[in-house]
Amino acid sequence: MQEKEIKKLKKKLEEERIKSQEHLKGWQRAKADYINREKGIDREKESWIKFSNSKLILDLLNFLDSFNQCLKHIPKELKGKEWVQGVVQIKGQFENFLKAHEVEKIKTTGEPFDPSCHEAVDRVSSDNFQNIVASEVQAGYKMGEHIIRVAKVIIK
Amino acid sequence: MSKIIGIDLGTSNSAAAYMEAGKSKMIPSAEGTTVVGGKAFPSCVAFTKDGQLLVGEPARRQAVANPEGTVFSAKRKMGTDHKYKIFDKEYTPQQISAFILQKIKKDSELYFGDKVEKAVITVPAYFNDAQRQATKDAGAIAGLEVVRLVNEPTAASFAYGLDKSEGKDQQVLVFDMGAGTLDVTIMNFGEGVFEVISTSGDTALGGTDMDEILVNDIVGSFKNEQGIDLSNDKMAMQRIREATEKAKIELSSTLETEINLPFITADKQGPKHMLKKITRTKLEELVKSIVERCRKSIEQAMKDAKLNPASVEKVVLVGGPTRMPIVQKFIENIFGDKVARGVDPMECVAMGAAIQAAILGGEEEVKDVLLLDVTPLTLGIETLGGVMTPLIERNTTIPAEKSQTFSTAANSQTSVEIHVLQGERPMASANRTLGRFILDSIPPAPRGIPQIEVKFDIDASGILTVSAKDKATNKEQHITIKDSSALSKEEIEKMKKEAEKFASEDRKQKEMIDIRNKADNLIYTCEKTIKDAGDKIKPEDKKTVEEKIEELKKVKDGQDLEALKKVNQELEDTIQKMGAAMYEEAKAKAGPDQSAPSESKEGGPKEEDDSKKNDEQEPIEGEFEEEPQK
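The structure displayed is predicted, hence computed values, not measured ones.

Thresholds applied
- Residues numbered from 1 in each chain as written.
- Chains lettered and ligands numbered in written order.
- Predicted model: local features only at pLDDT ≥ 70, side-chain atom pairs only at ≥ 80, totals over all residues.
- Helix = DSSP H or I, 4+ residues; strand = E, 2+ residues; numbered from the N terminus.
- Buried ≥ 20, exposed ≤ 12 C-beta atoms within 10 Å, placed from the backbone.
- Contact = placed C-beta atoms within 7 Å.
- Nonpolar A, V, L, I, M, F, W, Y, C, P; charged D, E, K, R; others polar.
- Expected span 1.5 Å × (residues − 1).
- Arc of directions from axis to C-beta.
- Axes fitted to C-alpha atoms, helices over the stretch in contact; angles between N-to-C directions.
- Parallel < 35°, antiparallel > 145°, perpendicular 65-115°, else oblique.
- Left-handed = near helix turned anticlockwise from the far one by under 90°.
- Pairing = 2+ DSSP bridges.
- pLDDT = per-residue confidence, 0-100.
- Core = buried A, V, L, I, M, F, W, Y, C linked by C-beta atoms within 7 Å.
- Domains from an automatic or database assignment.

Participant: Teacher, can you tell me more about the overall build of chain B here?
Facilitator: If you tally the helices and strands in chain B, you get 15 helices and 25 strands. Out of the 630 residues belonging to chain B, those deemed buried represent 36%. Pairs at least 24 apart in sequence give 65% of the contacts found in chain B among residues at least 6 apart.

Spelled out as structure tokens, the structure:
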């Protein structure tokens, strides 16, 4: 009778032991998940800072595009005027700002076409296709190694 | 154990997702359309003349340069004998798809820093056996074991949690509008299984058509106004396309936006600028015919399923264009308010695949033991002026514990009532009462001096214990509330909605009470200062302050918020000036006289001494069950 009871209790103990092991594993896993998540958050935070900077710069590039267009249209008779020179200098300021943030213009015209930073929007039809950039439709920029905006180009 | 990922292998775009801690997350594509590497990428594969393989964005970018070496939409040819002949080499559609899957495998391995060998891949519901087999083969070629193919509409329904809906069978309609294709699927969900009843669609209808119409309209109206055709000006078109895309997205949340492109072009007269207002109404007018074309596919699917709109219980929207209000309105006009919401329609297929992958990978088992719940609504207590002060914000994962120290509102207050509340409204009376209890025998002290620590503790099963302890005497009372989360989903939703509805009214009322509390405090401080200072202040100063106090008392309980703010500020300024003058005078006397403040400081401990007598009594613990609701 007693032996039977002991057996029963041992079995029960074994069951409980298994259960507690399971719980412990689950707990460890949850804790590990949490710690890993924390680490992940730290990594993400860093990349988010970079991301928000490059996103802001991406939005600013629209102004630079318009500004560059504007400078292309300076009437000839005004070109030498001090006032116009001042405006041209603003462009220099903008370029310095980009440089300070390690933003660099992607080289285009004359370069071999590279789909990792160039996007071909058209090709000049010719018999001698060289796969190089003929002209730039929209300037591209990179921040360090990271491409903020690919350059839109016509290739030949 | 390596992760099983979920893959949305789409006609125009592909994406992948995985499960982490019970949540599906997108795996970023190494390069992408957006800044840090987008989530989805074009389903495009290319071979350059020098034998380089390109997949995704780079392949799309060089398509114009290398049309003969570029393959788009290989999915449309899956399961056929079609062969892509590229530079004297032949590729089957599954080989092309395999390149896309390989890229996903590589990106995922880079992301996890671990091997990825298994995947769940989604396919359109209408795919036949040959097409399904071809998809599996593509996986195998890419080195991925396809543990299951899941229908795209089923995956989307999973992402929206429709598989969790209990009870009777329901009919689900999935409206999937991608960049270039429309798929409508009707499914029956019952006993945990989604069964496809009918499918319909249009292989040449999608978001791209809408963009095209809008760009054409803008270019057309510029031509009308300025007489210049921009459609051959690559640079101008590039700028217009980008601005249009941005405007389209903005118009999903605003009613009006503008396309502002200075120096878009020039003629002999000089530069020309584009400045055009676009309203949502105008956009909707333009794309209306495209949206209308979807009706045929919906009707066909319903006819085949022998259903009418009323018998469809849930509608799931998939794809970017379904974010547009006009598309949502169109669907609501047919089906009423049955649209499932809350998941990004562009990500839901990949996310659903990831959920399936997690279930197949056995991650669900782990979750069963450690399934952690959240509190559906905010929990807090009522504080001065009938304000609800939250302690545990809604959506907090439980078990959780939080404590905050409060004080008394009146002098010699010997008891505080802890009114435990649940809800999102700032005013106590608008929330649900979970229970209340009184902590008494607080030693008499000036208001603000006693420290009452209130602690909220919810265990994993949602049982909430609220305790309040007087830090001076360690006397404690507590209440246990068993069903803090016993509200039905509908009740919770109702409470959240009400909170949104009354948000601005509530904010005003809360502001009123906050300023009233502030006024109360100020009056108390001023009166005390005058009393303590005795004859150290000039009678005329004293009179001014007293007048201001009277004035503030008068407006305090009125409804004029602005007047209250004004008088409050005036009294504050006056008392500060008076205080400054007192210090000046003290300095002038050259003998610091600090008897006033120190006297009051000593007052506190004295009273605490009295309290020690009370402390000798055993603290009475009271247990309060939740009171039945009114």
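Participant: Which parts of the structure should I look at to understand the interface of chain A and chain B?
Facilitator: A common way to express how large an interface is: the accessible area buried when the components associate. Taken together, the 34 residues of chain A in the interface contact 21 residues of chain B. Secondary-structure elements contributing two or more residues to the side of chain A that touches chain B are helix H1 (2-72), strand E2 (118-123), strand E3 (133-138) and strand E6 (151-155) of chain A. Of the residues belonging to the side of chain A that touches chain B, the class tally is 13 nonpolar, 11 polar and 10 charged.

Participant: So what exactly am I meant to see when it comes to helix H2 (residues 93-112) of chain B here?
Facilitator: Because the α-helix completes a turn every 3.6 residues, residues three or four places apart line up on one side. Spanning 20 residues, H2(B) covers 29 Å between terminal C-alpha atoms, matching the ideal 28 Å at 1.5 Å per step. Within two residues after H2(B), Gly113(B) carries a phi angle of roughly 65 degrees, on the positive side.

Participant: Any chance you could explain the environment of Ala134(A) here in plain terms?
Facilitator: Residues and elements named next belong to chain A. Mapped onto the secondary structure, Ala 134 falls in strand E3. Assessed through the 18 C-beta atoms surrounding it within 10 Å, Ala 134 is described here as partly exposed. Between the C-alpha atoms of Ala 134 and Gly 110, which are 24 residues apart in sequence, the distance is 6.2 Å. Those residues in contact with Ala 134, other than ones at most four positions away along the chain, are Val 124, Ile 154, Ile 155 and Lys 156.

Participant: What is the right way to look at helix H5 (residues 207-226) of chain B in this model?
Facilitator: Residue and element names in this part refer to chain B. Over its 20 residues, H5 extends 29 Å from the first C-alpha to the last, a length consistent with the 28 Å expected when each residue adds 1.5 Å. Those residues of H5 not exposed but buried are Gly 207, Met 210, Leu 214, Ile 218, Val 219 and Phe 222. The buried residues of H5 all sit within an arc of 160 degrees when viewed along its axis, so they share a single face. In this structure, the buried side of H5 is in contact with strand E12 (170-177), helix H6 (234-250), strand E15 (256-267), strand E16 (270-279) and helix H7 (280-304). Just downstream of H5, Gly 227 is the residue with a positive phi angle, here 75 degrees.

Participant: Looking at this structure, I do not really get the packing of helix H13 (residues 539-556) of chain B against helix H14 (residues 561-589) of chain B. What am I missing?
Facilitator: When two helices pack together, you describe them by how their axes are tilted relative to each other and by the distance separating the axes. Residues and elements named next belong to chain B. H14 packs onto H13 with a crossing angle of 160 degrees between their chain directions and a minimal axis gap of 9 Å. By the angle between their directions, the pair H13 and H14 is classed as roughly antiparallel. As H13 packs across H14, the resulting crossing turns out to be left-handed. Contact residues: Asp 541, Thr 544, Val 545, Lys 548, Ile 549, Glu 551, Leu 552, Val 555 and Lys 556 in H13; Ala 563, Leu 564, Val 567, Asn 568, Glu 570, Leu 571, Thr 574, Ile 575, Met 578 and Ala 581 in H14. Residue composition of the contact of H13 with H14, by class: 11 nonpolar, 3 polar and 5 charged.

Participant: What am I meant to see in the sheet that holds strand E25 (residues 476-481) of chain B here?
Facilitator: Whenever strands of a sheet pair, they do so through backbone hydrogen bonds, lying parallel or antiparallel. Residue and element names in this part refer to chain B. Strands sit in the order E20-E23-E24-E25 across an open sheet of 4 strands; the sheet is antiparallel. The two strands at the open ends of the sheet, each matched to only one other strand, are strand E20 (400-406) and E25. Sheet twist, expressed as the mean angle between neighbouring strand axes with direction ignored, is 15 degrees.

Participant: Explain the sheet that holds strand E14 (residues 193-202) of chain B to me, please; I cannot follow it from the model alone.
Facilitator: Residues and elements named next belong to chain B. If you trace the 4 strands from one edge of the open sheet to the other, you get E14-E13-E12-E17, paired in mixed fashion. Single-partner strands in this sheet number two, and they are E14 and strand E17 (314-318). Across the sheet, the mean angle separating the axes of adjacent strands is 20 degrees when strand polarity is ignored. The pairing of strand E13 (residues 182-190) with E14 spans 9 bridges and is antiparallel. Within the sheet, the bridge partner assigned to Thr 185 lies in E14 and is Thr 199. Running at roughly 140 degrees to E14, H7 makes contact with E13 and E14 of the sheet.

Participant: Please explain the environment of Val312(B) as it appears in this structure.
Facilitator: Residues and elements named next belong to chain B. The topology assignment puts Val 312 in the loop between H7 and E17. Val 312 sits in the buried class, given 21 other C-beta atoms within 10 Å. Between the C-alpha atom of Val 312 and that of Gln 170, which follows or precedes it by 142 residues, the distance is 7.5 Å. Leave out the neighbours within four places in its chain, and Val 312 touches Gln 171, Leu 173, Leu 307, Phe 335 and Lys 338.

Participant: In this structure, what is going on with the pairing of strand E23 (residues 452-458) of chain B? I would like to understand it.
Facilitator: Every regular strand shows the same layout, with side chains that alternate between the two sheet faces. Residue and element names in this part refer to chain B. Relative to E23, E20 runs antiparallel, the two sharing 7 bridges. What sits directly across from Gln 404, in E23, is Val 454. As paired elements, E23 and strand E24 (residues 464-470) share 7 bridges and run antiparallel to each other. Across the sheet, Glu 453 pairs through a bridge with Lys 469, a residue of E24. Hairpin geometry of E23 and E24 is characterised by an intervening segment of 5 residues between the two adjacent antiparallel strands and by a positive phi of about 90 degrees at Gly 462.

Participant: Would you take a moment to explain the environment of Gly79(B) for this structure?
Facilitator: All names here are of chain B. Following the sequence through the fold, Gly 79 ends up in the loop between strand E7 (70-72) and strand E8 (84-86). Residues Gly 79 and Thr 135, spaced 56 residues apart in sequence, show a C-alpha to C-alpha distance of 8.1 Å. With residues near it in sequence (within four places) discarded, Gly 79 still touches Asn 128, Ala 130, Gln 131 and Ala 134.

Participant: Would you explain the packing of helix H12 (residues 503-533) of chain B against H14(B) in this entry?
Facilitator: Residue and element names in this part refer to chain B. Put simply, H12 and H14 touch, their axes get as near as 10 Å, and they point 25 degrees apart. The pairing of H12 with H14 is recorded here as roughly parallel in orientation. In this structure, the crossing between H12 and H14 has a hand that is left-handed. Contacts between H12 and H14 involve Glu 511, Met 512, Ile 515, Lys 518, Ala 519, Leu 522, Cys 526, Thr 529 and Ala 533 on the former and, on the latter, Leu 561, Leu 564, Lys 565, Asn 568, Leu 571, Glu 572, Ile 575 and Met 582. Per-class residue counts for the contact of H12 with H14 are 11 nonpolar, 2 polar and 4 charged.

Participant: What is the right way to look at the confidence of the model for chain A in this model?
Facilitator: Note that predicted coordinates carrying low pLDDT should not be read in detail. Here chain A averages 88 in pLDDT, while 100% of its residues score no lower than 70. By mean pLDDT, the top-scoring element of chain A is E6(A) (93), and the lowest-scoring one is H1(A) (86).

Participant: What exactly am I supposed to notice about the nonpolar core here?
Facilitator: Taken as a class, soluble globular proteins show a tendency for nonpolar side chains to be buried jointly. Residues and elements named next belong to chain B. Counting residues in each nonpolar core, the largest one holds 103 residues, and the members touching the most others are Ile 5, Ile 7, Ala 17, Val 45, Ala 350, Ala 353 and Ala 354. With 9 residues, helix H9 (residues 348-360) is the single largest residue contributor to this core. When residues of this core are assigned to domains, at least three fall in each of domain 1 (4-160 + 347-353) and domain 2 (207-286). What Ala 354 contacts, discounting residues up to four positions off in sequence, is Ile 5, Gly 6, Ala 17, Tyr 18, Met 19 and Ser 24. Counting 21 residues, the second largest nonpolar core, distinct from the first, contains Val 416, Val 420, Ile 458 and Ile 479.

Participant: Sorry if this is basic, but what is going on with the confidence of the model for chain B here?
Facilitator: Residues and elements named next belong to chain B. Mean pLDDT over chain B: 84, with 89% of residues reaching 70 or higher. By mean pLDDT, the top-scoring element of chain B is strand E10 (residues 118-123) (95), and the lowest-scoring one is helix H15 (residues 595-615) (35). Taken together, the stretch residues 32-37 has pLDDT below 50 and engages in 19 contacts with residues farther than four places along the chain or on a different chain. Counting interchain partners and residues more than four positions distant, the pLDDT-below-50 stretch residues 592-630 has 38 contacts. Two summary scores accompany this predicted model of the complex, namely pTM at 0.65 and ipTM at 0.71.

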